[in-house]
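These are the residues of each chain, in order.
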Amino acid sequence: MPASQSVAGGGGQMGAGSWHLRQMPDRAPGFDVLSDTLSELVEQGLPIVACTADLKYSNGLVRFQERYPNRFLQFGISEQNMVTAAAGLATTGLEVYAATFASFLALLCCEQIRTDVAYTNQRVRLIGHHSGITLGFYGTSHHATEDLAIMRSIAGLTVVAPADAASLAALIREAPTVDGPIYFRIGRGREPAVYDAGLKLRFGEAIQLERGGELTIIATGTMVHPARAAVERLRQSGHSVGLIDMHTIKPLDESAVLEAAARSGRLMTVEEHSVIGGLGGAVAELVTSSGPPVPVHRHGIRDTYSLIGPPTHLYRHYGLDASGIEAEAVKLLVRGERAT
Amino acid sequence: MTLAEPDELQHLRERARFIREETVRLISVAKTGHYASVFSAAEILATLYYSVMKLEKGDPTWSGRDRFLFGKGHAAVGLYPVLADLGFFDAAILDEYARLGNPLGDHPDMTRVPGIDFSSGSLGHALSAGLGMALGSRISGSQFNVFVLLGDGEMHEGQVWEAAMSAAHYRTSKLIAIVDRNQYSLDGVVDEVIRIEPLAQKWRAFGWQVVEVDGHDISQLLPALRAAADLPDGSEPTVLIAQTVKGKGVSFMESEIGWHLGFLDTDDERRALDELRSS
């Protein structure tokens, strides 16, 4: 059934009228990869357990539950309980994936993540989905534009933002090598593909997509795809612009950043996140302490709460689509504006 | 149910006194600590660690061991001497309690202290962590018990009730909660701070089997804890509501709420130890 096609999910009579239930579109295709890759790990004999908090249709873990009902735990709408219980589960030798909206995971459960999961160094893999402003008209309660900043400040926590389904699968396949907790920041499962399936990634090793002498754009998560299109346009306009997919925010691939700073003399970070404390913060902290003294322009949400609207409209409004990213770069490259 | 032998009861009473005396000694090193919170739970700790829990002396990492989580982690100073006594770490470490670099602090830390099954300190988390362990034991096919000691002030924390609801849903009867109902939190009488009664009714409404005991009477604690520990997995979880006295065993602590956190000067320390030894 095509996702765009609403279907009759049921109907009935009430009083004189009749009702007609129109189902939500099919679940986001990008989330099948979450269940499928976890299933791969189970088939390899890894002690995987998946948990969610009343969002198994949103994150697609229902697909994992159907295959491995005894390895799926439903916690209902009790996210903090889920995160702490995930830590308890992990103490018994299990590798535990706990998924809910990024806003609830990183903000509501911040203390549970810090104290119960990270401080105790458990093999808990937190999946913060629908991050950034992907939940559009749901509003600020459901937006997560602070999660990278919060998660990045927690000692011992690996923080990643894969760009697409192939990147998510690659990092999940690599996760068993990490003897400690991981925060995965992912979108809404509808992100266009950047990479082919079967991609291999390593935590902390950025992907150098382009090299450039005038500017290097460092993008993460959902912003890699539009940044790639923006870089292509800039190159067609005669600019030498590099592009790095910084899928791991922590530990940051410092050599990739410093090499880009030396090569292009100017950096621009792009993230679906506040310009405070996330990827831009991480890069700026590094460059000011260790790098050549280059300007770092941080592009993202500027210390504000997002408007309400459909995600694609919001991306356009905040300059987080290809045109917006290109325009930010042009400010630096052509108009000589200062980085902010 | 096996009735406790008189010798066993006597031994556990003696171990409870050992916990209290060691608590006084350790806090005299740190010069601050939660005496009264330990004293209300001394018989509970002694009964669990010296009779009820499956443990291997000298091997704190044995995978089949029963687990213990300290919701009211601020009373950990009473547990450290027990863990050393069971051979989980060198008793000499106790002598440097809470000094710079010592693994033993006011709250228990599983990354630093052998025998601590889960770190705690922030109230309200431990029942969730215990729930995770009980579910993990079920998934992996092992059958250990998970005991979680909660403070009565901790009942104010919402996460306790999230965990209580989930545990009843999953019928994790290997998860056993004990509420140390000593009546006091930092700001005064718990029920005057925020009322938690009717507590037994609340737990029952959440799907738990409630057993009410005198938390200082080992002849009540021991059979109640053993009965809960012997339940097979898959039925209603059990909570013991243990009526206790904060500061139990030292007369001037029993009656004064300021002793939630404090420090005995030399004369008072002697008086406290005299009372404990003569009890």
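Residues numbered from 1 in each chain as written. Chains lettered and ligands numbered in written order. Predicted model: local features only at pLDDT ≥ 70, side-chain atom pairs only at ≥ 80, totals over all residues.

### Details of the sheet that holds strand β13 (residues 267-274) of chain A
All names here are of chain A.
And step 1. As summarised here, the arrangement of the five strands in space is β9-β11-β10-β13-β14, forming an open sheet in which the pairing is mixed. Each edge of the open sheet is held by one strand with a lone partner, namely β9 (207-210) and β14 (296-301). Between one strand and the next, the sheet's axes are offset by a mean angle of 25°, whatever the strand orientation.
And step 2. Across five bridges, the pairing between strand β10 (residues 215-219) and strand β11 (residues 241-245) is parallel. Residue pairing across strands places Leu215 opposite Val241, the latter belonging to β11.
And step 3. Contacts from helix α8 (residues 224-236) reach β9, β10, β11 and β13, with the element oriented near 165° to β11.
And step 4. Sheet strands in contact with helix α10 (residues 279-290) are β10, β13 and β14, and its direction is about 145° off that of β13. (Pairing = 2+ DSSP bridges. Helix = DSSP H or I, 4+ residues; strand = E, 2+ residues; numbered from the N terminus. Axes fitted to C-alpha atoms, helices over the stretch in contact; angles between N-to-C directions. Contact = placed C-beta atoms within 7 Å.)

### Some points on the pairing of strand β3 (residues 48-52) of chain A
All names here are of chain A.
And step 1. Extensive coverage of β3 is indicated by the burial of five of its five residues.
And step 2. In β3, alternate side chains face the same way, and those of Ile48, Ala50 and Thr52 on one face and Val49 and Cys51 on the other are all buried.
And step 3. Two elements, β3 and strand β5 (residues 95-101), share five bridges in a ladder whose sense is parallel. The residue of β5 that forms the bridge with Ala50 is Tyr97.
And step 4. Bridge analysis of β3 against strand β4 (residues 72-74) gives three bridges, and the strand direction is parallel. (Buried ≥ 20, exposed ≤ 12 C-beta atoms within 10 Å, placed from the backbone.)

### With respect to the pairing of strand β2 (residues 146-151) of chain B
Residues and elements named next belong to chain B.
And step 1. Within β2, six of the six residues are buried, leaving the element largely enclosed by the surrounding structure.
And step 2. Burial of the side chains of β2 extends over both faces: Val146, Val148 and Leu150 are buried on one face and Phe147, Leu149 and Gly151 on the other.
And step 3. Alignment of strand β1 (residues 67-70) against β2, held across four bridges, turns out to be parallel. Within β2, the position partnered with Phe68 by the bridge is Phe147.
And step 4. Sheet analysis places β2 next to strand β3 (residues 175-181), joined by six bridges and oriented parallel. What sits directly across from Phe147, in β3, is Ile176.

### Points about the sheet that holds β5(A)
Residue and element names in this part refer to chain A.
And step 1. Strand order in the open sheet formed by seven strands is β4-β3-β5-β6-β8-β7-β12, with mixed pairing between adjacent strands. The open sheet is flanked by β4 and β12 (248-250), the only strands paired with a single partner. The mean angle between the axes of side-by-side strands here comes to 20°, regardless of whether they run parallel or antiparallel.

### Comments concerning the interface of chain B and chain A
And step 1. Of the residues lining the interface, 21 residues belong to chain B; the matching set on chain A comes to 24 residues.
And step 2. At the level of secondary structure, the elements contributing two or more residues to the side of chain B that touches chain A comprise α5 (126-140) and α6 (158-170) of chain B.
And step 3. Take the side of chain B that touches chain A: its biggest share by element is eleven residues, from α5(B).
And step 4. Taken together, the residues of the side of chain B that touches chain A sort by class into eight nonpolar, twelve polar and one charged. (Nonpolar A, V, L, I, M, F, W, Y, C, P; charged D, E, K, R; others polar.)

### Some thoughts on the packing of helix α3 (residues 42-52) of chain B against helix α9 (residues 218-229) of chain B
Residue and element names in this part refer to chain B.
And step 1. The interhelical angle for the contact between α3 and α9, taken along N-to-C directions, is 50°, at an axis separation of 10 Å. For the element pair α3 / α9, the angle class is oblique. The two elements α3 and α9 meet at a crossing, and its hand is right-handed. Across the interface between the two elements, Glu43, Ile44, Thr47, Leu48, Ser51 and Val52 of α3 pack against Ile218, Leu221, Leu222, Leu225, Arg226 and Ala229 of α9.
And step 2. When the residues that make up the contact of α3 with α9 are grouped by side-chain class, the tally is eight nonpolar, two polar and two charged. (Parallel < 35°, antiparallel > 145°, perpendicular 65-115°, else oblique. Left-handed = near helix turned anticlockwise from the far one by under 90°.)

### Considering the confidence of the model for chain A
Reading predicted coordinates in detail is not appropriate for stretches of low pLDDT.
And step 1. Averaged over every residue, the pLDDT of chain A is 93; the share at 70 or more is 92%.
And step 2. Note on residues 1-10 of chain A: pLDDT under 50 across the span, and 13 contacts to partners over four residues away in sequence or across chains. (pLDDT = per-residue confidence, 0-100.)

### A few points about the domain arrangement of chain A
Residues and elements named next belong to chain A.
And step 1. Partitioning chain A into domains gives domain 1 (29-185) and domain 2 (207-333).
And step 2. Domain 1 and domain 2 are separated by 26 Å when their C-alpha centres are compared.
And step 3. Across the contact, 23 residues belong to domain 1 and 27 residues belong to domain 2.
And step 4. Elements with a minimum of two residues in the side of domain 1 that touches domain 2: α6 (147-152), β7 (158-160) and α7 (165-174).
And step 5. The class makeup of the residues in the side of domain 1 that touches domain 2 is ten nonpolar, nine polar and four charged. (Domains from an automatic or database assignment.)

### Concerning the packing of helix α1 (residues 32-43) of chain A against α7(A)
All names here are of chain A.
And step 1. Where α1 meets α7, the closest approach of the two axes is 9 Å, and the angle between their N-to-C directions is 25°. Comparing the axis directions of α1 and α7 gives the class roughly parallel. Crossing angle aside, the handedness with which α1 passes α7 is right-handed. Residues Val33, Leu34, Thr37 and Leu38 of α1 form the contact with α7, whose participating residues are Ala165, Leu168, Ala169, Ile172 and Arg173.
And step 2. Here the residues of the contact of α1 with α7 are counted per class, giving seven nonpolar, one polar and one charged.

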